[in-house]
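Close look at the chain arrangement
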Amino acid sequence: MRIDGDTALVTGGGRGIGRVICEKLAANGLDVVVADIDREGMEGTKSAIERHGQRALCPYTDVSDEASVEGSVEAAREEFEAIDVLVNNAGIAGPTKSIEDVALKEWDSTLAVNLRGMFLLSRELMGEMKRREYGRIVNISSASGKRSVPRRSPYTASKSGLLGLTRTLAVEGGEYDVNANAVCPGTVAGPRIDRVIEREAEATGRTTEEVAAEKRAKSPRGEFVQPEDVAETVAFLCSTSADRITGQSVNVSAGKVTY
């Protein structure tokens, strides 16, 4: 698998899926800008990237803040000249509540990170990619953006909106060889889903074991997706093997139904 270009910017790359994506891109020969609010996590990712012989830059980045995004992109340009690959991965789970109990602040904060952040990064880099007539944008959405999920209205709305943004980026970038795709993971094993399960158990009066078993049962394989599964798909969509794949939303869900 060959990825054209030299540098990727990955938001939320300090831990979890983001860190694994950074490592996968570094293993494929890319320098990586790790954009996150987790300074300690970014340093861990930086070390992993350097073990692959690639360079890493770790600007503190609040993706919901316009000035923070602009500053991080400028720092990346100073270090690497241009960004060839953008992976919009940063996201938060948001509240686990029925919609009548969701505070406006909770709604706004979820969409600010999960949707506004991806708009800001894409806006910053799309013009440059068009001028250079090359770019790859991969947005990490969710299987929840394609299906109803009780008590997760801010999260599902943000992830569904991201699919519309992705398709529009694909149309606007098509004639300039700028591809845009979304990856829609199912339930991914890790600390984030553990916290979601805990909140769901509390909201429904069940045990965490019962909630986890229910989520696993929604996959024909009876298991959660691994971060490595998502990273492999991201790398493929950035590679020359996917040159004519754009505007798509690719499920990585272990068969989880998304309707």
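Residues numbered from 1 in each chain as written. Predicted model: local features only at pLDDT ≥ 70, side-chain atom pairs only at ≥ 80, totals over all residues. Heavy atoms only, no water.

1. Examining the overall build of the protein chain
Heads up, the rule is: Only DSSP runs of H or I reaching four residues or more are called helices, and only runs of E reaching two or more are called strands; each is numbered from the N terminus. With the radius of gyration taken over C-alpha atoms, the globule rule is written as 2.2 Å times the number of residues to the power 0.38. Relative accessibility decides the category of a residue: with a 1.4 Å probe and only protein chains considered, values under 20% of the type maximum give buried, values over 50% give exposed, and everything between is partly exposed. Any two residues whose heavy atoms approach within 4.5 Å at even a single point are treated as in contact.
Check the secondary structure of the protein chain and you find eight helices and seven strands. On C-alpha atoms alone, the protein chain measures out to a radius of gyration of 18 Å, which is about the 18 Å that the 2.2 N^0.38 rule sets for 259 residues. Taken along its principal axes, the extent of the C-alpha atoms in the protein chain is 55 × 35 × 35 Å. For the protein chain, buried positions account for 52% of its 259 residues. Across the protein chain, every contact between residues at least 6 apart in sequence was considered, and the portion connecting residues at least 24 apart equals 71%.

2. Let's talk about the environment of Glu198
Here Glu198 shows up in helix α6 (residues 191-204). In this structure, the C-alpha to C-alpha distance between Glu198 and Glu128, residues 70 residues apart in sequence, is 43 Å.

3. With respect to the side chain of Asn88
Put simply, the rule reads: Counting of polar contacts relies on pairs of N or O atoms within 3.5 Å, with two restrictions inside protein: one atom must be capable of donating a hydrogen and the other of accepting it, and residues adjacent in sequence are counted only when both atoms are side-chain atoms.
When you line up the elements, Asn88 lands in strand β4 (residues 85-88). At 3.3 Å, the side chain of Asn88 and the side chain of Ser122 are in polar contact. Look past the residues within four positions of Asn88 in its chain and what remains in contact with it is Thr11, Gly117, Met118, Leu121, Ser122, Ile137, Val138, Asn139 and Ile140.

4. Side note on the packing of aromatic side chains
Any pair of aromatic rings gets described here by the distance separating the centres and the angle formed by the planes. The cut-off we apply is this: The pairing test for Phe, Tyr and Trp rings, Trp by its six-membered ring, is centres within 6.5 Å, and the orientation test on the planes gives stacked under 30 degrees, edge-to-face over 60, and tilted for anything in between. Here, a charge over a ring is recorded when the distance from Lys NZ or Arg CZ to the ring centre is within 6 Å and its angle to the ring normal is within 35 degrees.
Per the counting criterion, the structure on display carries zero aromatic pairs. Taking NZ or CZ as reference, Arg152 lies 4.5 Å from the ring centre of Tyr155, over its face.

5. Details of the packing of helix α4 (residues 104-132) against helix α5 (residues 153-173)
So the rule is basically this: Angles shown run from 0 to 180 degrees and are taken between the N-to-C directions of axes, each axis being a line fitted to C-alpha atoms and, for helices, limited to the stretch in contact. Throughout this description, any angle smaller than 35 degrees is read as roughly parallel, any larger than 145 degrees as roughly antiparallel, any in the 65 to 115 degree range as roughly perpendicular, and the remainder as oblique. By the convention adopted, Pro, Cys, Tyr, Trp, Phe, Met, Ile, Leu, Val and Ala count as nonpolar, Lys, Arg, Asp and Glu as charged, and the other residues, Gly among them, as polar.
At their nearest, the axes of α4 and α5 sit 8 Å apart, and the two run at 10° to each other. Accordingly, the angle class assigned to the pair α4 and α5 is roughly parallel. Mapping the contact onto sequence places Trp107, Thr110, Leu111, Asn114, Leu115, Met118, Phe119, Ser122, Met126 and Lys130 in α4 and Ser153, Pro154, Tyr155, Ala157, Ser158, Lys159, Gly161, Leu162, Leu165, Leu169, Glu172 and Gly173 in α5. Residue composition of the contact of α4 with α5, grouped by class: twelve nonpolar, seven polar and three charged.

6. Some points on the pairing of strand β5 (residues 135-140)
Selection criterion: Here the rule is simple: two strands pair whenever DSSP picks up at least two bridges between them. Crossovers are marked right-handed if the path from the first strand over the helix to the second runs clockwise, as seen with the strands pointing away from the viewer.
Of all six residues making up β5, six are buried, and the element is well covered by its neighbours. Where β4 and β5 come together, four bridges link them in parallel fashion. In the sheet register, Asn88 faces β5, and the bridge partner there is Asn139. Between the parallel pair β4 and β5, the chain is carried across by α4, and the sense of this crossover is right-handed. Each parallel crossover has a hand, and the one from β5 via α5 to strand β6 (residues 178-185) is right-handed.

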